Amino acid sequence: MTERLYYNDAYLKEFDAAVLACEPERDAWRVRLDRSAFYPTSGGQPYDTGTLGGANIVDVYVDKDGEMWHVVDAPLAVGARVEGRIDWVRRFDHMQQHAGEHMLAGACWRHFAGHTIGLHLGRDDSSIDVELPDGRTRLTAEELCALEDDVNRHIQADVPIRCWFPDAKELETLPLRKPPAVKEHVRVVQIGDDEFCACGGTHPSSAGQVGLVKIVDARPSRGKLRLTFVCGMRAFLYFRRMYDAATAAAGALSTGWESLPEKVEALNARAKDAEYHLNRERRERALEGVSALRHGAENMGSLRVVTHVYDNLPMDALRDVASALIEAPDTVALLADRTETGCLLLFARAENVALHVGKLLSEAAKAFGGKGGGRSDFAQGAAASTEAVHFALARIRDGSAT
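None of these values were measured; they are calculated from a predicted model.

Focus: the pattern of salt bridges
Opposite charge on two side chains permits pairing when their charged atoms draw close. Taken as a whole, this structure holds 24 salt bridges when the rule is applied. Between Glu83 and Arg85 there is a salt bridge whose closest N-O contact spans 3.2 Å. According to the relative accessible area criterion, Glu83 is partly exposed, its value standing at 38%. Here Arg110 makes a salt bridge to Asp150, at a shortest N to O gap of 2.7 Å. Of this pair, Arg110 sits in helix α1 (residues 88-112) while Asp150 sits in helix α2 (residues 141-156), placing them 40 residues apart in sequence. Among the ionic contacts, a cluster of salt bridges with common partners joins Glu14, Glu83 and Arg85.

Laid out in structure tokens, this is it:
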């Protein structure tokens, strides 16, 4: 088995090793070494990248037999000694995120008896799923702050982080947060005096190197609470982006960032009021045009079919127009309103008309990538094109609409 150098020294950036095997793997080669400082994908932490004997590392994994393989973009000679160089920026970022996850998971356990299930370490942020007692899937803003305060106090105190392989006797005495996933060669990470967990990942030597942990999202996910967070340089860059965005918004509103919530609330209130009055005016104008629509209706035997496409007419106003139109006997209304992605549809018919507009609308919407339906006398839906109205009109003309 490959000796894993990162177990004893997570800060090792360069090493030399002997190539034990090199085999083709798809469009690359997989290499087995006698020893390695590269971390393989495991426990939610992604693999390390870097170079090996001049070739680029594109993956590192452990197979079903426990052998560690390095996937590279060029072949290496079996028996040769090669130099490995770790992409340290990526490695240290993963060390920060993984240690931050341990502290956050430990805080969830201490404060809420929350059992953490797995770590997902993404490119921009990381997340854990927490199973809370009594099936809870949410935490209050105050509870989330309590978690952040707990973790960042440990960071400010720069508590030590220790990783080691205890013997069976010592392992039994350790207050592990959850049972180990393996029975032998259990590696434990200890952070301060209150976080003990079995883990094979890489971590900094003290909590202060994590820098900062910030929870950026908390929501239910598959019956559990998903906490998304950033640590270290990711947290710094997160706050820089927030600062830049807040400063730009405050400048546009001629205020300081501290006053942004009040300014935005006032703007929203004014926008809603303006939208209300604008929609009311649109509705009134649309209703004023009902007589003209009736006058322009197409006569089809005993039927009078009204078709019209609006721009930016709210659905409730569209319903009012349709209701006004079908007050006249023998009337069918095929109305639409253009939207950014297509159109809204509303079909209606007078009480004495023997036509099922719900079925007609469903057919017309489906023909143009939409859906909808309703009663025989009143139906609504959406489609990708206003051509759905002309489709329905053609069905009535040729008598295929029932």
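Having seen it, we continue.
Things to note about the sheet that holds strand β17 (residues 303-311)
Read from one edge to the other, the open sheet built from 6 strands follows the order β16-β17-β18-β19-β21-β20, with strand pairing classed as mixed. Where the open sheet ends on each side, the last strands, each with one partner, are β16 (298-300) and β20 (371-374). The sheet shows a mean angle of 15° between the axes of neighbouring strands, direction not considered. Here strand β18 (residues 331-339) runs beside strand β19 (residues 342-349); their pairing, made up of 8 bridges, is antiparallel. Across the sheet, Thr339 pairs through a bridge with Gly342, a residue of β19. On the sheet, helix α8 (residues 357-367) packs against β18, β19, β20 and β21 (378-383) and is oriented at approximately 160° with respect to β19.

Concerning α8
Burial in α8 covers these residues: Val357, Gly358, Leu360, Leu361, Ala364 and Ala365. Seen from one end, α8 has its buried residues packed into an arc of 160°, which puts them on one side. Seen from the open side of α8, the exposed residues pointing more than 90 degrees away from its buried face are Lys359 and Lys366. For α8, the secondary structure elements touched by its buried residues are β18, β19, β20, β21 and α9 (387-397).

Examining the packing of aromatic side chains
As enumerated under the stated definition, the model contains 8 aromatic pairs in all. Measuring from ring centre to ring centre gives 5.2 Å for Tyr6 and Tyr39, while their planes differ by 65°; the resulting arrangement is edge-to-face. In this pair, Tyr6 sits in the loop between β1 (3-4) and β2 (14-25) while Tyr39 sits in the loop between β4 (35-36) and β5 (50-52), placing the two residues 33 residues apart along the sequence. Side by side, Tyr6 and Tyr39 carry an identical accessibility label, which is buried. Seen from their ring centres, Tyr11 and Trp88 are 5.8 Å apart, and the 40° between their planes marks the pair as tilted. A residue pair is termed long-range when its members are at least 10 positions apart, and Tyr11 in the loop between β1 and β2 and Trp88 in helix α1 qualify at 77 residues. On the basis of relative accessible area, Tyr11 is assigned to the partly exposed category, the value being 28%. By relative accessible area, Trp88 is classed as partly exposed at 22%. Feature note: the residues Tyr6, Tyr7, Tyr39 and Phe165 constitute an aromatic cluster, connected by ring pairs.

The rules behind each value
Residues numbered from 1 in each chain as written. Predicted model: local features only at pLDDT ≥ 70, side-chain atom pairs only at ≥ 80, totals over all residues. Heavy atoms only, no water. Salt bridge = Lys/Arg side-chain N within 4 Å of Asp/Glu carboxyl O. Buried < 20%, exposed > 50% of the residue type's maximum accessible area, 1.4 Å probe, protein only. Helix = DSSP H or I, 4+ residues; strand = E, 2+ residues; numbered from the N terminus. Pairing = 2+ DSSP bridges. Axes fitted to C-alpha atoms, helices over the stretch in contact; angles between N-to-C directions. Contact = heavy atoms within 4.5 Å. Arc of directions from axis to C-beta. Phe/Tyr/Trp six-rings, centres within 6.5 Å; stacked < 30°, edge-to-face > 60°.

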